[in-house]
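Below, each chain spelled out in residue letters.
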Amino acid sequence: MKTYTSKEELKSEIAKSYARYIAEFADIPENMKTLRIDEVERTPAENLGYQVGWTTLILKWEYDERKGIKVKTPSDNFKWNELGALYKWFNDTYANMSLCELRTMLDYNVNRIYEMIDSMTDDELFLPHRRKWADTATKLAVWEVYKFIHLNTVAPFNTFRTKIRRWKKFAL
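Keep in mind that what you see is a predicted model, and the values were worked out from it rather than measured.

Here is what the cut-offs are and how they apply
- Residues numbered from 1 in each chain as written.
- Predicted model: local features only at pLDDT ≥ 70, side-chain atom pairs only at ≥ 80, totals over all residues.
- Heavy atoms only, no water.
- Helix = DSSP H or I, 4+ residues; strand = E, 2+ residues; numbered from the N terminus.
- Rg over C-alpha atoms; globule rule 2.2 N^0.38 Å.
- Buried < 20%, exposed > 50% of the residue type's maximum accessible area, 1.4 Å probe, protein only.
- Contact = heavy atoms within 4.5 Å.
- Areas by Shrake-Rupley, 256 points an atom, 1.4 Å probe, with all protein chains shown as cover.
- Lys, Arg positive; Asp, Glu negative; His and termini not counted.
- Charge placed at Lys NZ, Arg CZ, Asp CG, Glu CD.
- Axes fitted to C-alpha atoms, helices over the stretch in contact; angles between N-to-C directions.
- Parallel < 35°, antiparallel > 145°, perpendicular 65-115°, else oblique.
- Nonpolar A, V, L, I, M, F, W, Y, C, P; charged D, E, K, R; others polar.
- Phe/Tyr/Trp six-rings, centres within 6.5 Å; stacked < 30°, edge-to-face > 60°.
- Lys NZ or Arg CZ within 6 Å of the ring centre and 35° of its normal.
- Core = buried A, V, L, I, M, F, W, Y, C linked by side-chain atoms within 4.5 Å.
- 1 Å grid on protein atoms, 1.4 Å probe; cavity = no way out; pocket = protein on both sides within 12 Å on 5 of 7 lines; lining within 4 Å.
- Points joined across faces, edges and corners; volume = space filled by probe spheres on them.

**Regarding the overall build of the chain**
Item 1. When helices and strands are tallied, the chain shows eight helices and zero strands.
Item 2. When the elements of the chain are put in sequence order from the N terminus, they spell out α-α-α-α-α-α-α-α.
Item 3. Computed over the C-alpha atoms, the radius of gyration of the chain is 16 Å, within 12% of the 16 Å expected from 2.2 N^0.38 for a compact globule of 172 residues.
Item 4. Projecting the C-alpha coordinates of the chain onto the three principal axes gives extents of approximately 45 × 35 × 25 Å.
Item 5. Per-residue burial over the chain gives 48% buried out of 172 residues.
Item 6. Contacts in the chain between residues far apart in sequence, at least 24 positions, make up 73% of those at least 6 positions apart.
Item 7. Accessible area of the chain: about 9100 Å², with a carbon and sulfur share of 52%.
Item 8. Side chains of the chain carry 28 positive and 25 negative charges; the gap between the two charge centres is 2 Å.

**Describing the packing of helix α2 (residues 44-66) against helix α3 (residues 83-94)**
Item 1. Following both chains from N to C, one finds α2 and α3 inclined at 110°, their axes separated by 9 Å at the closest point. What the angle tells us is that α2 and α3 run roughly perpendicular. The segment α2 lies against α3, with Glu46, Gly49, Tyr50, Val52, Gly53, Trp54, Thr56 and Leu57 engaging Leu83, Leu86, Tyr87, Phe90, Asn91 and Tyr94.
Item 2. Within the contact of α2 with α3, the residues separate by chemical class into nine nonpolar, four polar and one charged.

**Here we look at the packing of aromatic side chains**
Item 1. Going through the model one piece at a time under the given rule, you end up with 19 aromatic pairs.
Item 2. Ring centres 6.1 Å apart and planes at 90° place the aromatic pair tryptophan 89 and tyrosine 94 in the edge-to-face group.
Item 3. A connected cluster of aromatic rings, assembled from ring pairs, spans Tyr50, Trp54, Trp80, Tyr87, Trp89, Phe90, Tyr94 and Phe160.
Item 4. Taking the ring centre of tyrosine 87 as reference, the NZ or CZ of arginine 42 above it sits at 5.5 Å.
Item 5. Note that lysine 163 overlies the ring of phenylalanine 160, its terminal NZ or CZ placed 5.5 Å from the centroid.

**Some thoughts on the nonpolar core**
Item 1. Counting residues in hydrophobic clusters, the biggest one holds 50 residues, and the most contacted among them are Ile14, Tyr21, Ile58, Leu106, Leu125 and Ile149.
Item 2. Elements represented by at least two residues in this core include exactly α1 (7-23), α2, α3, α4 (99-119), α5 (122-126), α6 (132-136), α7 (145-151) and α8 (154-171).
Item 3. Considering each element in turn, this core owes the most residues, nine residues, to α2.
Item 4. Among all residues touching isoleucine 58, those that are not within four sequence positions of it are Ile113, Met116, Trp133, Phe148, Ile149 and Asn152.

**Notes on the environment of glutamate 9**
Item 1. In this fold, glutamate 9 is placed in helix α1.
Item 2. Along the chain, glutamate 9 and alanine 85 lie 76 residues apart, while their C-alpha atoms are 34 Å from each other.
Item 3. Sequence-distant contacts of glutamate 9, defined by excluding residues within four places in its chain, comprise Lys2, Thr3 and Tyr4.

**Some remarks on empty space enclosed by the protein**
Item 1. Scanning the entire structure with this criterion turns up one cavity of 30 Å³ or more.
Item 2. Of the pockets and cavities examined, the largest cavity occupies roughly 40 Å³.
Item 3. Looking at the largest cavity, the residues that line it are Leu57, Lys60, Trp61, Asp64, Val71, Lys72, Pro74, Ser75 and Asp76.
Item 4. Here the residues of the lining of the largest cavity sort into four nonpolar, one polar and four charged.

**Side note on the environment of leucine 59**
Item 1. With respect to the element layout, leucine 59 can be found in helix α2.
Item 2. Relative accessible area serves as the criterion here: at 6%, leucine 59 is assigned to the buried category.
Item 3. Each C-alpha atom, one on leucine 59 and one on isoleucine 113, is 6.8 Å from the other, the two residues being 54 residues apart in sequence.
Item 4. Apart from the residues within four sequence positions on either side, leucine 59 is in contact with Asn109, Arg112, Ile113 and Met116.

**Let's talk about the side chain of aspartate 64**
Item 1. Of note, aspartate 64 is situated in helix α2.
Item 2. Residues within four places of aspartate 64 in sequence aside, it is in contact with Ile69 and Val71.

Next up, the structure:
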């Protein structure tokens, strides 16, 4: 995983990977958003819904901690060993929306993540043990907040860009 040394570097990497990822949806017709193909496990709507789901969760973790609410990761209703059920919930919650609505929601979340980054001190972002939710999200590993941000933005935007490109290759 990439190590970042500044807020601007992290935000720049998010912006680059997000721009490449979201651009892939520009030429997907709305009537094909739920087309399932054997070569790719998620439809375009599910692909976007997954991104909306995870970015919403990371924002909720930070919001809840700042409000003094005990954070349950990955969510209030799912444990880490229930990710399949969480992904189904993402699909049930988001995949019925239009691609335009999903892109708008994801744009909003990415902008809120930039705000979250800007609102944190460098120590809160780049040093361990600065957020309870980050400390309790893993059993053994010690992760700084920026790693969670990277794993829920840059990494999936890059990985899922490849998946949506593959979907387009076979479906369009």
